[in-house]
Amino acid sequence: MSSLHLGILMDPIDHIKPFKDSTLAMMLAARRRGWELHYMEGRDLRLEAGRTWARTRTLEVFDDADRWFLPGPEEDLPLDRLDLVLMRKDPPFDLEYLYLTHLLESAEGRGLAVFNPPAALRDANEKLFALRWPELTPPNLVTCDLTRIKAFLSQQGDIVLKPLDAMGGASVFRITASDPNLTVIWETLTQHGRRLVLAQRFLPEVLEGGDRRILLIDGEPVPYALARMPPPGEIRANLAVGGRGHGVELSDRDLAIAERIGPELRRRGIVFAGIDVIGGYLTEVNVTSPTCIRELDRAYGLDIAGRLLDCIERRLAP
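## What about the sheet that holds strand β12 (residues 211-217)?
The five strands lie next to each other as β14-β13-β12-β15-β16, forming an open sheet whose pairing is antiparallel. Sheet topology places β14 (244-249) and β16 (281-286) at the edges, where each strand pairs with a single neighbour. Between one strand and the next, the sheet's axes are offset by a mean angle of 30°, whatever the strand orientation. Relative to strand β15 (residues 272-278), β12 runs antiparallel, the two being bridged by six bridges. Across the sheet, L215 pairs through a bridge with G274, a residue of β15.

Right under this line is the structure:
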């Protein structure tokens, strides 16, 4: 395919950790193909006279921990003038994030290809989407009612509470039946019963086998997962809170989970997703800005971003 004009909508590039950033891996793969990069943040988009515009800067990128990007000239252009946009802004999935999906969808209506699609980002909440497959998930409850959370805790004995719009293990609490802090945790997470949360049975397997991140491209799994292990004294295995990852081959259970949800991802146009599996249970389906490309590439000599761009090229082909 001839050179493409690729927009990257992301958080500030000067704040990323280049050795582990999956979006940088995608940009490096795009530049190897001769694609032109147009970098933008959420604040750079606007809707004017029914058309989405963006203030962008061209980028040169480098696989260098000290100097990973060089910005080029700034340009103000209709977003649909680009060939495609990768939406790689991290959660929280708040109202500003929601509004960005509407602006992207407006440009999509004028022919712009957006990955993952704005409608899919809105519909596939990373905590709730996994619950479409109750046979794959641990016992769970979505509520803002303290009485129901107490009853669920009494049934399970050991649970975690999670907000529905965060990432990286933020505000995840483990609660046991004897924990005196349940009420204050509930007050904090639900804002005194005004916000829904996810209660989920605690899976002790995370302490020994880790939280396995499995990447899927167009519904097909990469053959290896990153098993993220919690740091000492923690239950959260997320790399953002100090978890350590090592590569593992996918188990039969991992493959069965990926096979079960892959068709639905393809149906929604979700070309890149990261599912989390603990103790053989599906716990999350991440579609906003999944990570772990660079760790798996290093461990197994892969080119996951290149495989992703191959998939995108096939999608763009006439």
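## Here's the deal with the environment of P134
In this structure, P134 sits in the loop between α3 (118-123) and β8 (140-143). Given a relative accessible area of 55%, P134 falls into the exposed group. On a C-alpha basis, the gap between P134 and L282 in space is 9.1 Å, while along the polypeptide they are 148 residues apart.

## Some points on unusual backbone geometry
Cis geometry is adopted by the peptide bond preceding P92, which originates at P91 and carries an omega value of 20°. As for its position among the elements, P92 is in the loop between β6 (84-87) and α2 (95-108). At the junction of F115 and N116, the peptide bond is cis and its omega measures out at -10° in the coordinates. Here N116 shows up in the loop between β7 (113-115) and α3.

## Topic: the side chain of K162
Mapped onto the fold, K162 is located in strand β9 (residues 158-163). A distance of 3.2 Å separates a polar atom in the side chain of K162 from a polar atom in the side chain of Q200. Setting aside residues no more than four positions away along its own chain, K162 makes contact with K127, S171, V172, L189, V197, L198, Q200, T283 and E284.

## Quick notes on helix α1 (residues 22-32)
Where burial is concerned, most of α1 is hidden: nine out of the 11 residues are buried. By the burial criterion, the buried members of α1 are S22, T23, L24, A25, M26, M27, L28, A29 and A30. Measuring from the backbone nitrogen of T23 back to the side-chain oxygen at the start of α1 gives 3.1 Å, which picks out D21 as the cap. Two residues or fewer after α1 comes G34, characterised by a positive phi angle close to 85°.

## Some points on the nonpolar core
One finds L45, L79, I275, L282 and V285 to be the most contacted residues of the largest nonpolar core, which totals 40 residues. For this core, the leading source of residues is α2, giving five residues. Ignoring sequence-local partners within four residues, the contact set of L79 consists of M40, L45, T52, W53, A54, V85, L104, A107 and L112. Formed by 39 residues, the second largest nonpolar core is a distinct cluster that contains M10, L24, L28 and L37.

## Some thoughts on the pattern of salt bridges
Applying the stated criterion to the full structure yields 26 salt bridges. Linking R268 and E264 is a salt bridge whose minimum nitrogen-to-oxygen distance equals 2.7 Å. Within the structure, one salt-bridge network assembled from shared partners comprises R132, E264, R267 and R268.

Parameters and conventions
- Residues numbered from 1 in each chain as written.
- Predicted model: local features only at pLDDT ≥ 70, side-chain atom pairs only at ≥ 80, totals over all residues.
- Heavy atoms only, no water.
- Pairing = 2+ DSSP bridges.
- Helix = DSSP H or I, 4+ residues; strand = E, 2+ residues; numbered from the N terminus.
- Axes fitted to C-alpha atoms, helices over the stretch in contact; angles between N-to-C directions.
- Buried < 20%, exposed > 50% of the residue type's maximum accessible area, 1.4 Å probe, protein only.
- Polar contact = N/O pair within 3.5 Å; in protein donor to acceptor, adjacent residues only side chain to side chain.
- Contact = heavy atoms within 4.5 Å.
- Core = buried A, V, L, I, M, F, W, Y, C linked by side-chain atoms within 4.5 Å.
- Salt bridge = Lys/Arg side-chain N within 4 Å of Asp/Glu carboxyl O.

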